[in-house]
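# Understanding the architecture of this molecule
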Amino acid sequence: MLIVSGIPVSSGVAIGKAYILAHALNEVEPYLISEQNILNEIKRFNQAIKQLKSELLNLKKELKKNRMNEFGSFIDIQLAIINDPKISKNPLEIIKKSKQNAEWALKVQMEEIITKFNSIENSYIRERKNDVYQVCETLIKYLIGHESKQLSNDKNRIIVAHDISPADALKFKNSNNIAFVTDIGGTTSHTAILAKSINIPSVVGTQNAKNLISNGDNLIVDGDHGCVIINPTDEVINEYRLKQNLYELESKKLLNLQKLTSKTIDKVPVNLYVNIEDTNNIESVILNNTKGVGLFRTEFIFMDKHRMLDENEQFIIYKNLTKALPNKTITIRTLDSGGDKVIEHMPNTNQNPALGLRAIRFCLAEPDVFITQIKALLRAAHYGDIRILIPMLSSDNELRQVKLLIQRAKDILTSERKKFNPKTLVGGMIEVPAAAIDAESFANQLDFLSIGTNDLIQYTLAVDRTDDAVSHLYDSSHPALLKLIKGVIDAGTKAGIEVSLCGEMAGDPKLTKLLIGLGLTNFSMHPSSLLKVKKVILESEFSKVKSKAKKILSTHDKIEIENLINNLNN
Ligand code: PEP
Ligand code: MG
């Protein structure tokens with residue numbers, strides 16, 4: 001028995017047989033093609049491109065049918081890579097010139113592209129490199145005839161791979177495949193997001209699971225604790241079967257909580273909101289009796305279309321949300337491009353994108369883009385409870401400029417005689433330590449605050465949130481972070497405005513009581529976490545968790561903090 005640990009990205013327990021996805025790129029060998037076979041080789045290459053394109057397009061249709069359109073953008077990225085002549089045409093030249101086989105030509109070309117990517121220090125480009133890699137890997141599988149052999153019909157397969165592309169993850173989403181384990185990837189990788197949405201227990205970033213696991217090995221994947229047990233003893237299997245049964249039972253039981261009002265035992269209301277990246281799949285907002293949308297990451301609608309949308313196009317999207325979610329609050333964040341989220345044709349060439357011209361900094365540098373979005377939001381706010389959320393504020397000066405631009409947008413709308421809501425609430429994301437430290441000032445000038453812990457942790461602890469090499473330092477219970485969160489909640493309370501938390505921490509049930517104890521009463525999270533968090537809220541007693549949280553706030557040792565959090569949860 002051997003235990004490998006990685007990053008838990010999708011909870012649940014799976015017990016099954018390892019199914020290793022071959023690393024087709026490793027199997028490619030060069031061989032010479034005779035003059036008369038060159039045309040055949042070109043045909044073989046073009047056929048592989050055609051096959052992958054049609055497979056991706058079918059997948060996209062299937063996603064649409066299954067109302068999972070939000071994943072279409074993952075497929076679009078891969079389609080754009082295949083359509084790039086560097087992938088679809090350059091290898092043909094290599095085949096012709098060097099008279100070598102198609103898979104070798106593609107590998108040579110891919111390595112050239114990847115070497116170029118490697119010289120750029122930009123986390124987003126790093127992810128794109130993985131996309132190129134995944135596309136080439138699939139094409140090579142087709143070329144060497146792997147694909148059909150690859151997936152047998154065995155039941156309870158646990159897919160083990162160096163990496164799994166989002167497209168592959170979607171393909172593998174059938175009852176035979178019950179878990180994913182990968183060597184690379186982090187919590188914010190596309191595959192991780194997908195795994196969570198399709199409810200498949202997954203552990204990523206194990207570094208070397210693929211080398212340690214052989215095809216057919218018995219595996220246990222614990223998606224809550226990020227561990228993979230290779231060839232467990234019968235005793236361990238039995239223990240995990242019990243855990244699995246409990247987990248399934250628990251998931252069914254949780255459905256009973258959907259309609260309940262979210263409040264603590266001592267009747268303190270704790271509002272739940274949902275984070276969305278798209279306007280599809282918003283049923284969870286209503287099904288789970290939430291207050292509404294706490295964070296709509298609008299950059300994804302632009303990323304999906306590969307361009308900015310004009311005022312009317314945006315207005316229609318936002319207005320439709322008010323129709324789909326009557327009587328719900330809809331918090332729409334203005335464009336948060338940059339960092340690891342890049343929209344084509346927008347500049348993002350700086351060396352250190354997380355610290356560069358991202359989010360509101362970009363919008364202030366491009367006021368037309370900002371004003372267009374604000375106009376669309378103000379107009380849509382005429383039809384429902386839409387609130388505007390500004391990302392990554394770091395200074396008073398920035399906030400002043402934001403307010404001036406919002407006023408300018410209102411003046412333009414008035415002169416254009418368009419209907420809008422002049423009283424639309426404007427809030428700010430607190431995700432830069434400077435803003436958290438100076439939260440009182442922001443609280444006094446804004447209508448609500450939303451704590452973005454994904455970035456607040458990254459910037460407070462100086463840990464790149466997309467880099468799995470430092471993911472062990474990305475600590476959501478670090479004493480410095482907890483003090484910042486407490487400070488923001490207190491500043492909001494003092495100013496009499498709502499403070500919510502919309503980073504991943506909000507969806508982690510292990511932290512729910514601690515956050516309530518710090519005074520947080522508004523949580524916004526991925527829909528899959530709603531009921532787990534609601535259950536903890538219903539079992540919490542505010543007066544009790546408050547004093548325990550106070551003790552945690554004055555503790556500095558990591559292990560001690562962990563013990564105190566465990567104690568709080570038991
Ligand atoms: C955050 O930073 O916590 C957040 C919610 O925003 P994003 O993850 O989109 O940066
Ligand atoms: Mg953020």
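To keep things clear, this report deals only with the structure shown in the data block. (Residues numbered from 1 in each chain as written. Chains lettered and ligands numbered in written order. Predicted model: local features only at pLDDT ≥ 70, side-chain atom pairs only at ≥ 80, totals over all residues. Heavy atoms only, no water.)

## Quick notes on the side chain of T555
Examined against the element boundaries, T555 turns out to sit in the loop between α24 (542-553) and α25 (558-569). Look at T555 and you get buried, because its relative accessible area is 5%. Here K551 takes part through its backbone oxygen, which lies 2.8 Å from a polar atom of the side chain of T555. (Helix = DSSP H or I, 4+ residues; strand = E, 2+ residues; numbered from the N terminus. Buried < 20%, exposed > 50% of the residue type's maximum accessible area, 1.4 Å probe, protein only. Polar contact = N/O pair within 3.5 Å; in protein donor to acceptor, adjacent residues only side chain to side chain.)

## As for the packing of aromatic side chains
Throughout the structure, instances matching the rule amount to two aromatic pairs. Each ring, one from F315 and one from Y383, has its centre 6.0 Å from the other, and the planes form 55°; the classification is tilted. One end of the pair, F315, is in helix α14 (residues 311-324); the other, Y383, is in the loop between α16 (367-380) and β12 (386-390), and 68 residues separate them in sequence. The ring of F315 is capped by R379, whose NZ or CZ atom sits 4.0 Å from the centre of that ring. Over the face of the ring belonging to F448 we find R387, whose NZ or CZ atom lies 4.1 Å from the ring centre. (Phe/Tyr/Trp six-rings, centres within 6.5 Å; stacked < 30°, edge-to-face > 60°. Lys NZ or Arg CZ within 6 Å of the ring centre and 35° of its normal.)

## Some thoughts on the site of ligand 1
By nearness alone, 15 residues border ligand 1, and R297, R333, G452, N454 and R465 come closest of all. At a separation of 2.7 Å, an oxygen atom of ligand 1 approaches a polar side-chain atom of R297. Within the backbone of G452, an N or O atom sits 3.4 Å from an oxygen atom of ligand 1. Across the complex, the protein chains shield 99% of the 280 Å² of accessible surface that ligand 1 would expose by itself. Going through the elements one at a time, β10 (292-297) and α20 (453-461) are the ones with two or more residues in the shell around ligand 1. Counting residues per element, the shell around ligand 1 draws most heavily on α20, which supplies three residues. The class makeup of the residues in the shell around ligand 1 is three nonpolar, four polar and eight charged. (Near = heavy atom within 4 Å. Areas by Shrake-Rupley, 256 points an atom, 1.4 Å probe, with all protein chains shown as cover. Nonpolar A, V, L, I, M, F, W, Y, C, P; charged D, E, K, R; others polar.)

## Brief notes about the coordination of the magnesium ion (ligand 2)
Donor atoms from the polypeptide that bind the magnesium ion (ligand 2) are E431 (OE) and D455 (OD), placed at 2.1 to 2.2 Å. With E431 in the loop between β13 (426-430) and α18 (433-437) and D455 in helix α20, this residue pair connects regions lying 24 residues apart in the sequence. Overall, the relative accessible area of 2% leaves D455 in the buried class. (Donors = N, O, S within 2.8 Å, 3.2 Å for Na, K, Ca; no water.)

## Brief notes about α20
Taken across its nine residues, α20 has eight buried, putting it largely inside the fold. Every buried residue of α20 is listed here: T453, N454, D455, L456, I457, Q458, Y459 and L461. The elements touched by buried residues of α20 are β10, β13, α18, β14 (448-451), α21 (479-495) and β15 (498-501). Downstream of α20 by one or two residues, A462 has phi in the positive range, about 55°. (Contact = heavy atoms within 4.5 Å.)

## Observations regarding the pattern of salt bridges
Applying the stated criterion across every chain yields a total of 27 salt bridges. In this structure, E498 and R387 form a salt bridge, with 3.3 Å as the shortest nitrogen-oxygen distance. Of this pair, E498 sits in strand β15 while R387 sits in strand β12, and the two are 111 residues apart along the sequence. Note on R387: relative accessible area 6%, which makes it buried. Several salt bridges share partner residues, and in doing so they unite E299, R333, D336, R358, D455 and R465 into one network. (Salt bridge = Lys/Arg side-chain N within 4 Å of Asp/Glu carboxyl O.)

## Some thoughts on the pairing of strand β8 (residues 227-230)
Along β8, one buried face is formed by C227 and I229 and the opposite face, lined by V228 and I230, is buried too. Pairing of strand β1 (residues 2-5) with β8, which is carried by four bridges, proceeds in the antiparallel orientation. Each residue of the ladder has a partner; that of I3, found in β8, is I229. Two elements, strand β7 (residues 218-222) and β8, share four bridges in a ladder whose sense is antiparallel. Each residue of the ladder has a partner; that of V221, found in β8, is V228. Counted along the chain from β7 to the antiparallel partner β8, the turn is four residues long, and its residue G226 has a positive phi close to 70°. (Pairing = 2+ DSSP bridges.)

## Let's talk about the nonpolar core
Core analysis: the biggest nonpolar cluster contains 88 residues, and Y318, L449, I485, L514, L515, L518 and F523 have the highest contact counts within it. Ranked by the residues each element gives to this core, the list is headed by α16, at eight residues. With sequence-adjacent residues up to four places away left out, I485 is seen in contact with I451, T453, L501, M505, L515 and L518. Counting 49 residues, the second largest nonpolar core, distinct from the first, contains L21, L52, I159 and I198. (Core = buried A, V, L, I, M, F, W, Y, C linked by side-chain atoms within 4.5 Å.)

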